[in-house]
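# Descriptive structure summary
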Amino acid sequence: MKQNCSFSRPILGIVLGLFFLVSSYGQDQHLRILNAPKPPLPADFGTLDAQGATRLTVTFLASGEIGKILPVTALTNNLTELAVEAAGKIKFAPKISNGEAVSVVKTIEYLYGLPYSGWQVSYSFAPDAKADAVLQRAVQSLGGEKYLNVKTQIGRGKYSLMRDGAVLSFQNFTDVIVYPDKERTDFKGVGSKTVQTNVGNTGWVFDGDQQLVKAQDEKQIENFKRGIRTSLDHLLRGHWRGEGELTYVGKRPATLGKRNEVIKLIYKDGIEVEFEFAADDGLPQKGSYKRLNADNEEIKEEDRYAQFVDVDGIKTPFIIDRFTGSTQTSRINYQTVEFNKPVPDSVFAKPANAKGLKDLKL
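Summary of the structure given here.

About the criteria used
Residues numbered from 1 in each chain as written. Predicted model: local features only at pLDDT ≥ 70, side-chain atom pairs only at ≥ 80, totals over all residues. Heavy atoms only, no water. Patch = residues over 30% accessible without salt bridge, like charges linked within 9 Å, V, L, I, M, F, W, Y side chains within 5 Å. Areas by Shrake-Rupley, 256 points an atom, 1.4 Å probe, with all protein chains shown as cover. Salt bridge = Lys/Arg side-chain N within 4 Å of Asp/Glu carboxyl O. Lys, Arg positive; Asp, Glu negative; His and termini not counted. Charge placed at Lys NZ, Arg CZ, Asp CG, Glu CD. Helix = DSSP H or I, 4+ residues; strand = E, 2+ residues; numbered from the N terminus. Buried < 20%, exposed > 50% of the residue type's maximum accessible area, 1.4 Å probe, protein only. Contact = heavy atoms within 4.5 Å. Pairing = 2+ DSSP bridges. Axes fitted to C-alpha atoms, helices over the stretch in contact; angles between N-to-C directions. Expected span 1.5 Å × (residues − 1). Arc of directions from axis to C-beta. Polar contact = N/O pair within 3.5 Å; in protein donor to acceptor, adjacent residues only side chain to side chain. Phe/Tyr/Trp six-rings, centres within 6.5 Å; stacked < 30°, edge-to-face > 60°. Lys NZ or Arg CZ within 6 Å of the ring centre and 35° of its normal.

Turning our eyes to something else, we now look at a positive patch on the surface. A contiguous patch of positive charge on the surface is contributed by K130, R137, K251 and R259. Secondary-structure assignment places R137 in helix α3 (residues 129–142). Residue R137 is classed as partly exposed on the basis of its relative accessible area of 33%.

Written out as structure tokens, the structure is:
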């Protein structure tokens, strides 16, 4: 359930892209760094003890140019800004897949301090081993192959709207998912019913108050797709691979005496999602991302997972609390969850009108 003047350089980028496309047609070729310049030394180099590393995710465009650069970890004293500037000057040969140049996101690390005589550039285009280890441990904690082999999920319970720490209202729900991108949720309250259904890039809703069935608008579909891309299952089942870069952030204080391990998923279009997992048992704790609200202000959306229940060898959080900013706005409280039960396509078919809408019978 899911509740965002010179023209020589562009021409050069196109020419380079065409060169690599033609010369490697029919072959796959990894991204190759041709030149990664070091950042300039700050004016106070040698007089301060600042040292450390900043990691950046860099989008290497199919055109042969550098795209978005996003810091994962930062340094003080304007050092991160110097590293970002240097990353923008990297020269590279694009990745070739099935004979075509493609854009990819990779991590570049800039180490700074006296031991490196200023700066050192480090990059390895193998997956982040620490991040992958955290992910794999989480998969095992949830059931391993049984968890990965889930194709459908049917959940029933209560969905509550929260305000000031108290329940404002609640509805019963039945949520049907066919992974990776089909979902129907039926909400029933006192004298009302709402249905939201999505299949890939399409969707429809039923408004019980008005007795209307209508297609979802572009914004509603965008919200659904963002909900998938920022979800825990999308991360752990690997549906993001090829679309983003996973990196290890570090450990973060959690409850008293405990810490969480944090990994970040950064998509090519710049969406960043952080996930926290308990350092002791690997169970998921949080997932969060930032979006723009109606006033074009950046706000943080965070899901917190609790009350894990073993269902047929798969551990599932029966409570998911949503926080917007620092305020709790909703709670999903599952009462039952079923996995891999057959779900007919008719469940997701849009009815011609309100009379054609059938209750879920699964």
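A few words on the environment of Y112. Counting through the fold element by element, Y112 comes out in strand β7 (residues 104–113). A sequence separation of 32 residues divides Y112 from T80, and the C-alpha atoms of the two residues are 9.9 Å apart. Setting aside chain neighbours within four positions, we find Y112 in contact with P42, F45, A50, Q51, G52, L75, L79, G118 and W119.

What follows is about the sheet that holds strand β8 (residues 118–122). Strand order in the open sheet made by the 4 strands is β3-β2-β7-β8, with antiparallel pairing throughout. Two strands in the sheet have a free side with no partner beyond their single neighbour: β3 (66–73) and β8. Taken pair by pair, the neighbouring strands of this sheet meet at an average axis angle of 25°, ignoring direction. Pairing of β7 with β8, which is carried by 5 bridges, proceeds in the antiparallel orientation. The partner of Y110 across the bridge, within β8, is V121.

Counted by the stated rule, this structure contains 22 salt bridges. Put simply, R184 and D186 hold a salt bridge, and the shortest N to O gap is 2.8 Å. By the burial criterion, R184 is buried, and D186 matches it. Between D233 and R237 there is a salt bridge whose closest N-O contact spans 3.4 Å. Residues participating in the shared-partner salt-bridge network are R252, K264, E272, E274 and E276.

Here the focus is the pairing of strand β2 (residues 52–60). By the criterion of burial, β2 is predominantly enclosed, with 7 of the 9 residues buried. Relative to β7, β2 is paired through 9 bridges, and the arrangement is antiparallel. Across the sheet, T54 pairs through a bridge with Y110, a residue of β7. Bridge count for β2 against β3 is 5 bridges, and the pairing is antiparallel. Looking at the pairing, F60 lines up with I66 of β3.

Time to look at α3. Between the first and last C-alpha of α3 there are 20 Å, a value that for 14 residues agrees with the 20 Å anticipated at 1.5 Å per step. Turning to α3, its buried residues are A131, V134, L135, A138, V139, S141 and L142. Each buried residue of α3 lies within a common arc of 165° when the element is viewed along its axis, so the set occupies one face. Exposed residues on α3 whose side chains face more than 90 degrees from its buried face are A129, K130 and Q140. Backbone nitrogen of K130 and a side-chain oxygen of the N-cap are separated by 3.1 Å at the start of α3; the cap is D128. Once α3 finishes, G143 follows within two positions and takes phi at roughly 135°, a positive value.

Right, let's talk about helix α2 (residues 79–87) for a bit. All buried positions along α2 are accounted for by L79, T80, L82, A83, A86 and A87. One side of α2 holds all its buried residues, which, seen down the axis, span an arc of 160°. On its buried face, α2 sits against β2, β3, β7 and β8.

Looking now at the packing of aromatic side chains. One pass over the full model with this rule turns up 6 aromatic pairs. Their ring planes at 85° and their centres at 4.9 Å tell us that F60 and F92 sit as a pair that is edge-to-face. In this pair, F60 sits in strand β2 while F92 sits in strand β4 (residues 91–93), placing the two residues 32 residues apart along the sequence. For F92, a relative accessible area of 3% translates into the label buried. Here the aromatic cluster, defined as three or more aromatic residues joined through ring pairs, consists of Y110, Y112 and W119. The aromatic ring of Y147 is capped on one face by R237, whose charged end is 4.0 Å from the ring centroid. The lysine or arginine in question, R237, covers the ring of Y179, its NZ or CZ lying 4.6 Å from the ring centre.

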